[in-house]
Amino acid sequence: MNNKYIEVKGGKSLEGKIKISGAKNSALVLMATSILAKGQINLFNVPQIRDVAIMSKILTSMGMYITSNEDKLEINIKSILHQPQEVFTNLFHSLRASFFCIGPILARLGSAKIPLPGGCSIGSRPIDEHISALEKLGVQFKFKNNYLIAEVINPKKRLIGTIIKFNCKSVGATKTLIMAACLAKGRTILKNSSQEPEIVDLANILNKMGAKVKGAGTECITIEGVESLGGCDYTVMPDRIEAGTYLIAAAMTRSKITFSSIEPKHLKEVINKLEMCGCKFEYSDKYLTIIPNQILNSVDITTLPYPGFPTDLQAPFMALMTTANGVSTIKETVFENRMHHVKELNKMGAQISLKDNTAKVVGVKKLKASSVIGFDLRGTAALAIAGLYANGKSIIQGLEHLERGYEDFALKLQQIGAEIRHKKQN
Ligand code: EPZ
């Protein structure tokens, strides 16, 4: 376990404003689209988080040239784009999103040799949907020493568009296939596509680069292949999961908090559930303010692909329900192993029982400040939220997870009055 941790002194009501950063789950794939571009890609509103830093290193390992300045990334192909060198294998293993490179590499180079993405603590994270769909575009795969070796079959080394129906909703597979199909010969139709806002962001940047992607955000996406794609400027969408995390933190601490750079339309189901808890919302053209009730109603959630309740907010919402007035049921349907936070929340005095992937949460009046362990990005955020409520000092291990996906997590909470600090065990 890493020796970095978070110290939270909870029990305080908070107040003030939080500015939402660019979306991690969009920025990472928008960075991968630069492999498709013959010109420079300038990305704005890029979150300064560890996953972005790793993706930058991965692209550099393939001959890309990246300069970053605060939330701006300039990416172009410095020399000839080439396959990632084996010396960088551990980089790919440290970031599952590195797999987003396979579609663009195949489209640009006609072959790909990249490390297989492993599973992680929340699930096995299979890639069968990516593989079977790419095979339909004319790719042949071999697996060797934990590497994926892919070759475009036709002699011109160009993918051929076709009709593809995904067997399950996969955000990653939808993104991979959109990117691969942009330079394919002819039309590709993707059925049973994921509808997440990050996919719309991806289609928007690709169309700015000269692609012809229609229907992003619906279950049926059509891509007309083009000969080449150019560079462009693009601003990453706001991070709806970061926003949801802090909305839940505001509800947990019963604090009136105002949010800027937020996109409420990406959070409809989350806002709907928080209203069912008893929270009120004020909207203006630039801000969203949450006004929680002192007494929170217990509310049931089932995580689903977008526009359903997002799996990435299941853990934070469960933390909220531990102090609600009643019993709530929380069902995880997207990932098979995303309940590590249950045991840790119970250490803080929560009353949660778990059967298969369904948690029953009996609301309690108090949580006790404790020393707990975060095992994944969103689970660690959930424990920090519980720490903000519990009277006293909580120690939450897992800061390295938070730093992957939340820009300035402690700083943003300090700015609204939270006593939360990054610490290091010496
Ligand atoms: C993306 O992961 C996000 N990550 C995840 O966010 C998010 O939880 C997930 O989408 C769902 O919304 C990034 O965008 C970097 P999937 P991804 O492909 O693309 C099945 C976070 O906390 N599946 O939609 O890997 C499998 O059961 C992270 O920010 C297959 O069966 O998600 C998986 O559990 C966590 N075969 C489920 O779909 C496949 O080939 C969801 O996977 C692919 C997926």
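Here, the structure is the one placed above.
Residues numbered from 1 in each chain as written. Predicted model: local features only at pLDDT ≥ 70, side-chain atom pairs only at ≥ 80, totals over all residues. Heavy atoms only, no water.

Draft legend 1. Structural detail: the overall build of the chain. When helices and strands are tallied, the chain shows 14 helices and 23 strands. The C-alpha atoms of the chain give a radius of gyration of 22 Å, which matches the 22 Å a tight globule of 426 residues would have. For the chain, the spread of C-alpha atoms along the principal axes amounts to about 70 × 45 × 45 Å. Counting all 426 residues of the chain, 58% fall into the buried class. (Helix = DSSP H or I, 4+ residues; strand = E, 2+ residues; numbered from the N terminus. Rg over C-alpha atoms; globule rule 2.2 N^0.38 Å. Buried < 20%, exposed > 50% of the residue type's maximum accessible area, 1.4 Å probe, protein only.)

Draft legend 2. Looking closely at the pattern of salt bridges. Taken as a whole and judged by the stated rule, the model has 18 salt bridges. The partner of Lys-157 in a salt bridge is Glu-151, and the shortest N-O contact between them spans 3.2 Å. For Lys-157, a relative accessible area of 35% corresponds to the partly exposed category. Here Glu-151 falls in the partly exposed class, since its relative accessible area comes to 34%. Notably, a salt bridge pairs Glu-198 with Arg-240, separated by 2.8 Å at the nearest N-O pair. Taken together, the residues Glu-198 in helix α7 (residues 197-208) and Arg-240 in helix α8 (residues 240-252) connect sequence positions 42 residues apart. On the basis of relative accessibility, which here comes to 4%, the residue Glu-198 falls in the buried class. Classification of Arg-240 by relative accessible area gives buried; the value is 10%. (Salt bridge = Lys/Arg side-chain N within 4 Å of Asp/Glu carboxyl O.)

Draft legend 3. Just the state of the cysteines, in detail. Under the defined criterion, the tally for this structure stands at zero disulfides. Of all cysteine sulfurs, the one in Cys-120 lies closest to Cys-168, which takes part in no disulfide; the gap is 15 Å. Left unpaired, Cys-232 is separated from the closest cysteine sulfur, that of Cys-182, by 12 Å. The exposure class assigned to Cys-232 is buried, which follows from its relative accessible area of 10%. (Disulfide = S-S within 2.5 Å.)

Draft legend 4. Here's a closer look at α7. Counted at 1.5 Å a residue, the expected span for α7 with its twelve residues is 16 Å, and the 17 Å between its end C-alpha atoms agrees. Of all the residues in α7, the buried ones are Pro-197, Glu-198, Ile-199, Asp-201, Leu-202, Ala-203, Ile-205 and Leu-206. (Expected span 1.5 Å × (residues − 1).)

Draft legend 5. Representation of the sheet that holds strand β18 (residues 327-331) within the structure. What the four strands build is an open sheet, ordered β17-β18-β20-β19; its pairing is mixed. Every interior strand has two partners, whereas the edge strands, β17 (301-302) and β19 (351-355), have only one. Of the strand pairs in this sheet, β17 and β18 are connected by two bridges, and their pairing is parallel. Across the sheet, residue Ile-301 finds its bridge partner in β18, namely Ile-330. Relative to β18, helix α10 (residues 314-321) is tilted by about 170°, and along the sheet it contacts β17, β18, β19 and β20 (358-362). (Pairing = 2+ DSSP bridges. Contact = heavy atoms within 4.5 Å. Axes fitted to C-alpha atoms, helices over the stretch in contact; angles between N-to-C directions.)

Draft legend 6. Here's a closer look at the site of the ligand. Taken together, 23 residues are adjacent to the ligand, and Asp-128, Ser-170, Val-171, Asp-312 and Arg-378 come closest. Contact between the ligand and Lys-24: an oxygen atom at 2.9 Å from a side-chain N or O atom of the residue. In the model, an oxygen atom of the ligand is placed 2.8 Å from a nitrogen or oxygen of the Glu-129 main chain. Here the ligand, which alone exposes 820 Å², has 85% of that area covered by the protein. Listed by contribution, the elements that provide at least two residues to the shell around the ligand are α1 (24-33), α5 (128-136), α6 (171-181) and α12 (377-389). The residue inventory of the shell around the ligand, partitioned by class, reads eight nonpolar, five polar and ten charged. (Near = heavy atom within 4 Å. Polar contact = N/O pair within 3.5 Å; in protein donor to acceptor, adjacent residues only side chain to side chain. Areas by Shrake-Rupley, 256 points an atom, 1.4 Å probe, with all protein chains shown as cover. Nonpolar A, V, L, I, M, F, W, Y, C, P; charged D, E, K, R; others polar.)

Draft legend 7. Seen up close, the sheet that holds strand β3 (residues 41-44). Taken together, four strands build an open sheet; the order of strands is β4-β5-β3-β13 and the sheet is mixed. What marks the edges here is a single partner per strand, and that holds for β4 (64-69) and β13 (232-235). Within this sheet the neighbouring strands show an average axis-to-axis angle of 15°, counted without direction. Seen against the sheet, helix α2 (residues 50-60) touches β4 and β5 (72-77) and runs at an angle of roughly 150° to β4.

Draft legend 8. Seen up close, the pairing of β13. Burial of β13 is one-sided: the residues Cys-232 and Tyr-234 facing one way are buried, the residues Asp-233 and Thr-235 facing the other way are not. Both β3 and β13 contribute to a ladder of four bridges, which runs parallel. Opposite Asn-42, over in β13, you have Asp-233 as the bridge partner.

Draft legend 9. Spatial organisation of the layout of surface pockets. Here the largest pocket defines a volume of roughly 1,400 Å³. Taken together, 50 residues make up the lining of the largest pocket; nearest its centre are Arg-96, Ile-122, Arg-125, Asp-312 and Phe-335. At the level of secondary structure, the elements contributing two or more residues to the lining of the largest pocket comprise α1, α3 (89-94), α5, α6, α8, α12 and α13 (399-405). The residue inventory of the lining of the largest pocket, partitioned by class, reads 19 nonpolar, 14 polar and 17 charged. Counted as a void, the second largest pocket has a volume near 290 Å³. Put simply, the parts of the chain that give the lining of the second largest pocket at least two residues each are α7 and β13. With four residues, the single largest contributor to the lining of the second largest pocket is α7. Split into classes, the residues belonging to the lining of the second largest pocket amount to eight nonpolar, seven polar and three charged. (1 Å grid on protein atoms, 1.4 Å probe; cavity = no way out; pocket = protein on both sides within 12 Å on 5 of 7 lines; lining within 4 Å. Points joined across faces, edges and corners; volume = space filled by probe spheres on them.)

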